[in-house]
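Structure at a glance
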Amino acid sequence: MLNFNQRIIAPSLLAADWSKLADECEHAIDSGADWLHLDVMDGHFVNNISFGPNFVKHVHQIVPNAFLDTHLMIERPDKYIHQFIKSGSSNITIHVEPDYEIQETISEIKKSGITAGIAINPETSIETVRPYLDYVDILLIMTVTPGFGGQEFMIDETMPKVKEAKEIRERNNLSFHIQVDGGICSRTAKISASYGANIMVAGTGTFKASNMKSAIDEIRNA
């Protein structure tokens, strides 16, 4: 039985100091991170470029036992999922907005033996992901416009969708986690949890904190 009350904290490596990546990854795990979140951006779907499968592979080599939550903010995830699977991803989340075969891509991810997620941007309706909620393990609701870290949490645009997702899950006896990403700190984690989210992605709120362990504990216990 999945426990949706269990708070999962996933620091985003987008906010880490890549010049000392091994230290940053190990510090996050030692500080109590449950997962590591990897934001892959292609400069097309979002207005930024981050890293590719080799980066994910390197992280997997640094912390081979860590759960690597790979978030593909790219135009054609269907063309690249196998590279990210081979790189050591534990979960791959794809977006609903681009034009590609979403159901087939989800099936390919799950066929590989890892979990799959579907993501929506703040302006995207929850209705767009309804056809896929029977098949995914995670619904990621972006709480900022994706592309850059350090943005302000968009409560009015996103929290009603978190609430609706929880209601859909309960009404249909589904089993997906609800994840939020963007502007997450202890204050916004508490808000998100009150609406039904249980996976918290935090970048600057963890890697830029003066004490990462305290920051993670505060997000978990908020």
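Residues numbered from 1 in each chain as written. Predicted model: local features only at pLDDT ≥ 70, side-chain atom pairs only at ≥ 80, totals over all residues. Heavy atoms only, no water.

On to unusual backbone geometry, then. Even without glycine at this site, Asn-173 takes up a positive phi of about 55°. Structurally, the position occupied by Asn-173 is in the loop between helix 5 (155-172) and strand 7 (177-181). (Helix = DSSP H or I, 4+ residues; strand = E, 2+ residues; numbered from the N terminus.)

Let us now look at the sheet that holds strand 1 (residues 8-11). If you walk across this open sheet you meet the eight strands as 1-8-7-6-5-4-3-2, and the pairing is parallel. In the strand order of this sheet, the two ends are held by strand 1 and strand 2 (35-41), each with one partner. Here the strands of the sheet are splayed against their neighbours by 25° on average, with no regard to which way each runs. Strand direction decides the pairing type here: strand 2 and strand 3 (residues 67-73), joined by seven bridges, are parallel. The residue bridging Leu-36 from the neighbouring strand is Leu-68, located in strand 3. Its contacts with the sheet place helix 5 against strand 5 (115-120), strand 6 (138-142) and strand 7, and it is angled at close to 170° to strand 7. (Pairing = 2+ DSSP bridges. Axes fitted to C-alpha atoms, helices over the stretch in contact; angles between N-to-C directions. Contact = heavy atoms within 4.5 Å.)

Once that is clear, we can look at the pattern of salt bridges. Evaluated as defined, the whole model comprises eight salt bridges. Between Glu-164 and Arg-130 there is a salt bridge; the shortest N-O distance is 3.7 Å. Taken together, the residues span a long stretch of sequence, with Glu-164 in helix 5 and Arg-130 in the loop between strand 5 and strand 6 at a distance of 34 residues. Given the relative accessible area of 26%, Glu-164 is considered partly exposed. (Salt bridge = Lys/Arg side-chain N within 4 Å of Asp/Glu carboxyl O. Buried < 20%, exposed > 50% of the residue type's maximum accessible area, 1.4 Å probe, protein only.)

Let's shift gears to the packing of aromatic side chains. Two descriptors summarise a pair of aromatic rings, namely the distance from one centre to the other and the angle between the planes of the rings. Under the counting rule described, the total for this entry stands at four aromatic pairs. On the numbers, 4.0 Å between centres and 15° between planes, the contact of Phe-51 with Phe-55 is stacked. Residue classification places Phe-51 among the buried residues on the basis of a relative accessible area of 10%. We classify Phe-55 as buried; its relative accessible area is 15%. What links up through ring pairs into an aromatic cluster is the set Trp-18, Phe-51 and Phe-55. Above the face of the Phe-176 ring, Arg-169 is positioned so that its terminal group lies 5.9 Å from the ring centre. (Phe/Tyr/Trp six-rings, centres within 6.5 Å; stacked < 30°, edge-to-face > 60°. Lys NZ or Arg CZ within 6 Å of the ring centre and 35° of its normal.)

In the contact formed by helix 5 and helix 6 (residues 186-195), the axes pass within 8 Å of each other and the chain directions differ by 35°. Counting all contacts with helix 5, which are made through Ile-155, Met-159, Val-162, Lys-163 and Lys-166, the residues of helix 6 involved are Ile-191, Ser-192 and Tyr-195.

Attention now moves to a negative patch on the surface. A contiguous patch of negative charge, built from Glu-75, Asp-99, Glu-101 and Glu-104, is present on the exposed surface. Checked against the element boundaries, Glu-101 lands in the loop between strand 4 (91-95) and helix 4 (102-111). Residue Glu-101 is classed as exposed on the basis of its relative accessible area of 52%. (Patch = residues over 30% accessible without salt bridge, like charges linked within 9 Å, V, L, I, M, F, W, Y side chains within 5 Å. Areas by Shrake-Rupley, 256 points an atom, 1.4 Å probe, with all protein chains shown as cover. Lys, Arg positive; Asp, Glu negative; His and termini not counted. Charge placed at Lys NZ, Arg CZ, Asp CG, Glu CD.)

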